[in-house]
Amino acid sequence: MSIFRTIKTTALAVALVAGGFTSPAAAQDSGWEPSQPIQIVVGFAPGGGTDQTARLIASAAQEFFPVPLVVVNRPGASGTLAAELVANAEPDGHTLLVGGGSESTSVPNHRQTNYALDDFKGVARVNREHMVIVTKTGSGLDTVEAVVERANENPGELAYGSSGPGGVLHSAFLVFAQEAGIELQHIPYQGGAPALAALLGGHVDMTIITPGDAAAQIEAGTVNAIATTSDRAEQIPDVPSLSELGYDVNLENMKGLVAPADTPDAAIEYLQQRFQQAMESETFETLADRANITPGYLSGPDFKQAMTDMSDSIGSALGDTPKEQ
Amino acid sequence: MDPFTQALFAFGEPAVFITLICATGIGLIIGAIPGLSVNIAVALAVPLTIFMPTDQSLVLLIGLYGSGIFGGSVSAILLNAPGTPASAATIFDGYPMAQQGLATKALRVSLIASLYGAVFSVILLVLVAPELANFALRFGPVEIASLLLFTFFVIGILSGASLAKGLLSAAVGMVLATIGSDPMLGTPRFTFGQTSLMDGLSYVPLLVGLFALAEILDESTRGFSQSIQKFSLDSEDRERNRVSFRDLKFISLPVIRASAIGSAIGILPGIGATIASFLAYGDAKRASGDGSSFGKGDVRGVAASESANNAVVGATFIPTLALGIPGDAVTAILLGALVLQGVTPGPLIFISNPQVVYTIYLSLLFATLLMAVIGYFAIRPLAMTLRIPKIYLMPSVALICIAGAYVARNNMIDVWIMLGAGVLGFVFNRTNVPVAPLLITFIITKPFEEALRQALTRSEGSFMPFLTNPVSLTLTALVAVAFALTLRRDLKRRHAVPNQKEE
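Residues numbered from 1 in each chain as written. Chains lettered and ligands numbered in written order. Predicted model: local features only at pLDDT ≥ 70, side-chain atom pairs only at ≥ 80, totals over all residues. Heavy atoms only, no water.

Participant: Mind laying out the overall build of chain B, listing which residues take part and the relevant values?
Facilitator: Looking only at helices and strands, one finds 21 helices and two strands in chain B. Here the C-alpha radius of gyration of chain B, 22 Å, is about what a compact globule of 503 residues would show, namely 23 Å. Out of the 503 residues in chain B, the part that is buried amounts to 58%. In chain B, the share of contacts with a sequence separation of at least 24, taken over all contacts with a separation of at least 6, comes to 78%. Summing over all exposed atoms, chain B offers an accessible surface of approximately 20000 Å²; the carbon and sulfur share of this is 70%. In chain B, the 31 positive side-chain charges and the 28 negative ones have mean positions that sit 9 Å from each other. (Helix = DSSP H or I, 4+ residues; strand = E, 2+ residues; numbered from the N terminus. Rg over C-alpha atoms; globule rule 2.2 N^0.38 Å. Buried < 20%, exposed > 50% of the residue type's maximum accessible area, 1.4 Å probe, protein only. Contact = heavy atoms within 4.5 Å. Areas by Shrake-Rupley, 256 points an atom, 1.4 Å probe, with all protein chains shown as cover. Lys, Arg positive; Asp, Glu negative; His and termini not counted. Charge placed at Lys NZ, Arg CZ, Asp CG, Glu CD.)

Below is the structure:
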C-alpha cells in the first residue's frame, strides 16, 4: 500500500464526486440547459412532510443535474405564500414549487388567492399520501354506514376535526358530506396532530390522517380506520375506500414539482426527465422507504390533470358558497 | 441484557457521547442567536440522522433541543433580545440584573433553574408518562380557553404599576394578534392583501423589536455613553455574582412551582414553552407578596421563567411518546425523525421499543447535565460580552436583530415588523407604558380565540359548557378572585397615597 495508491484512490473519488456535478448522466437532449442553480421552493417550515419530499427528491436528483438544486423554505399562509411567489417567478425553469397539496387543489377553492392552479405547469409528481377517516374506538362509529346513519339521525351534531380551514383535510370531509347527503360540523385545529389529540380526547367524532401517522393508534386499537379517501392504502389493506362504498370521493395529498405556467416546454421536458431518473434511482428508493413516503411518479401533464380533477371535485362540493375574501 | 442497561451502555460509545457533546454545544449557540430558533436547528439536523444508528440520532436531536432553550436565556439576559420566544419572560428581570452588573449571577440562576426544570420534567416523564398523557387528552377547547383566560388575568392585571397603562398595552397586543387569518374560516384580517401577513405578525421579529431594538434606540439617544463600567473582574464583583446558599433557598419555591407549571403546560397540546414561562413568572410574582422587586432584577423572576420553559421540554415528550401526538413543533420534527428510524411512537412503544424509550430518557437527562457543565464554564466568558463598549456592541446587536428577523421565515416583511416593533417599544418606554402586557396578550390571544371559538362552535354558540365544566368553573372563579384582589390593592394604594405620581 503505497502513498501513491492512496492519492490515486482519493483523486478517483474526487473525480467521481465532481463528475456527479459536471456531467449529468445521459438523458435525452431537449435543447435546454439550466444556467444557474435551480430553486425548489417549499411553502412550509423545515421538518414537515412537504419539506421532506423536497429534500429527498433534491438529494436523489442532484447527480443528474449540472447545477446545484437548492431547497428554499418560504413558509406562510398554508403554503399559499410560496405558491404565489413561484406563480409570479421568472418562468425560465430555474424556480420550482413543491405543489400538489392543499395550496394547489384546495385552498384556492375556499378563499381568494393571488394565484390559480392554472398558473402552474406540472413537472413531475413525486409522492402521494393516502388519507384515511378515523373515529374513536368505542364511539359506535365503526363504519361509514354508522357515521351516515348517526348523521342522519342528528343533523349537524357529528363533528370532524381538520388541520385548518381550507386545507385538503377540510375539503375531503366537505366532499364526503355532500356525496353522502349529510350535515357535519367542522372544527379546525392548527395541524393534523392536535386534531388527532382532539379525537382521542372525545372532543370531535372524526378526523382524517395519513395511514403512517395513524399507524400507532390503529395498532393499539384506540382508533378505527373506517375508509380511505382515494384507493386502498398499502399500509392498511383491509380498510375500504369511500368510492368502493359508493361515495364518489377521490382526494389525496400529493406532492410533486410544478413550475410557473409560462416555463418553456423544453425546460419542463429536461426537468421531468431528470426527476424521473432520480425517482428510479436506488438512492431515492432507499430514502423514500426510510421516510415512509409513498412514491407515485406521474409525468407533468398527468400530475396537472390529477390536481385539476381534485380541485374541480372540491369546487363542486363547495358549490355556490361564496369564497372568503 | 435488559433494555435499560442496553440503552445505558450505548452512551459509553465514543461516537454517541461525542455527538451528544457537539449537539449540546451547538444547541446552546443556536439558541442564543435571536431568530435562529431551536426548531430550525432540529429540523436541519434531521436529514443528517437518516443513516445514523437510532441512539446516535436521538442524542443529536435531543441534545440540540434541550440546550437550545437554555441558550435562549443567554441573549435575553445579556442583550435584552430573547434567543428563543420561550425566553421572553426571562428578559423582565434578567436584563435589569445584567444592567446592575449581575449578569453572571443571572446566567447562573438561569442555568440552575433550567437544570432543575428539565430534570423535574424528565422524572415526571419516566414515572407517569402514559397516565398523564391520557389525562391531558381530556383537556378540550373549553378547558384550554378557560386556562388561557386565567393566564391573561394572572399576568395581565398583575404586571405594570398602573392598571390603566397595563390594560392599554394589553389592548394593543390583542389588536396586533388579530392580524392574520381567522382561525375558523381562514378569512384574512387586517392583512391589506399581503399574503405574508396571513399567518399574523411573527413572534421573533416582534419580540426582538420590542425589547432589543427599543433598547438600542433608547441608548442611541444617549449617544451610547458608557456611564459605568458594566462589571469588572475584581474580587468584589466576583463576590456579588456568587449564587449563595441563601439565594438558592430564596429561589427554591418559585423554581419548584414553575417546574410544575411548565410540566403541566408541556403535556397539554398546543400551548407551549412561551406561555408556560409567562404563567410561571406571573405566579412567582404573585406568590412573592408585593412583587414590587419584579421587573427590576429579581432573581426569582429569572428562575421561574427558565425552570418553566425547560420543564416544558421533558413534558412535551409525554404525549409524543405515549400517544404519538407531538406536543409542539420541535417534538413534531422529532417524531418524524423517529419514523425515519423505523420506530413509531404511540401507546405501544413502551412494549415494542422499550430501548428507544430509555434512550430518549437518558438523552434528555445527559443532555441536561452536559448543558449544565458546558454552561457553567461558558457563563463567565459570555458575560464578558457586556464589557464591549456600547458603541460597538449595540450596532452589532442591531445587525443581529435584522438578520434574525429575516432568517426566521426568509421574509423581508419580518424585518419591517421588527423595525416597527422597535419604534413602538421605544415609544412605550418613553411614555412609561409597560411592554410586557402587550407581548403576553399577543401570545395568548391567538390560541385563546381558537379554543374559544372551537368550544362555541361545538356548543352552537352557548356559553353553558364554561359554567358546567368543573375545570373551567374553578379557573373562572380564580380569575374573579384575582381581579377583586387586584382592584382592592389598587384602591387601597390610591387611598393611602392619593397624590403619589404614577411611576
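Participant: Mind laying out the overall build of chain A, listing which residues take part and the relevant values?
Facilitator: Of regular secondary structure, chain A possesses twelve helices and eleven strands. Its C-alpha atoms give chain A a radius of gyration of 22 Å, within 12% of the compact-globule value 20 Å for 325 residues. Across its three principal axes, chain A shows a C-alpha extent of roughly 80 × 50 × 30 Å. The buried share among the 325 residues of chain A stands at 57%.

Participant: So what about the packing of helix 2 (residues 14-32) of chain B against helix 4 (residues 54-79) of chain B? Which residues, and what values?
Facilitator: Helix-helix packing: each pair is described by the crossing angle between the helix axes and the interaxial distance. All names here are of chain B. Between helix 2 and helix 4, whose axes approach to 6 Å, the crossing angle comes to 30 degrees. Here helix 2 lies roughly parallel to helix 4, going by the angle between them. Helix 4 is crossed by helix 2, and the crossing has right-handed handedness. Considering only residue class, the contact of helix 2 with helix 4 consists of twelve nonpolar, eleven polar and one charged. (Axes fitted to C-alpha atoms, helices over the stretch in contact; angles between N-to-C directions. Parallel < 35°, antiparallel > 145°, perpendicular 65-115°, else oblique. Left-handed = near helix turned anticlockwise from the far one by under 90°. Nonpolar A, V, L, I, M, F, W, Y, C, P; charged D, E, K, R; others polar.)

Participant: Lay out the interface of chain B and chain A with the relevant residues and their values.
Facilitator: On the chain A side, the residues contacting the 43 residues of chain B number 43 residues. For the pair chain B and chain A, the summed buried surface comes to about 3500 Å²; carbon and sulfur atoms form 58% of the total. Linking chain B to chain A there are one salt bridge. Linking chain B with chain A are 15 residue pairs in polar contact (both at pLDDT 80 or more), by the criterion used here. If you list the elements that add at least two residues to the side of chain B that touches chain A, you get helix 3 (38-49), helix 14 (329-340) and helix 19 (436-458) of chain B. (Buried area = accessible area lost by both parts, 1.4 Å probe. Salt bridge = Lys/Arg side-chain N within 4 Å of Asp/Glu carboxyl O. Polar contact = N/O pair within 3.5 Å; in protein donor to acceptor, adjacent residues only side chain to side chain.)

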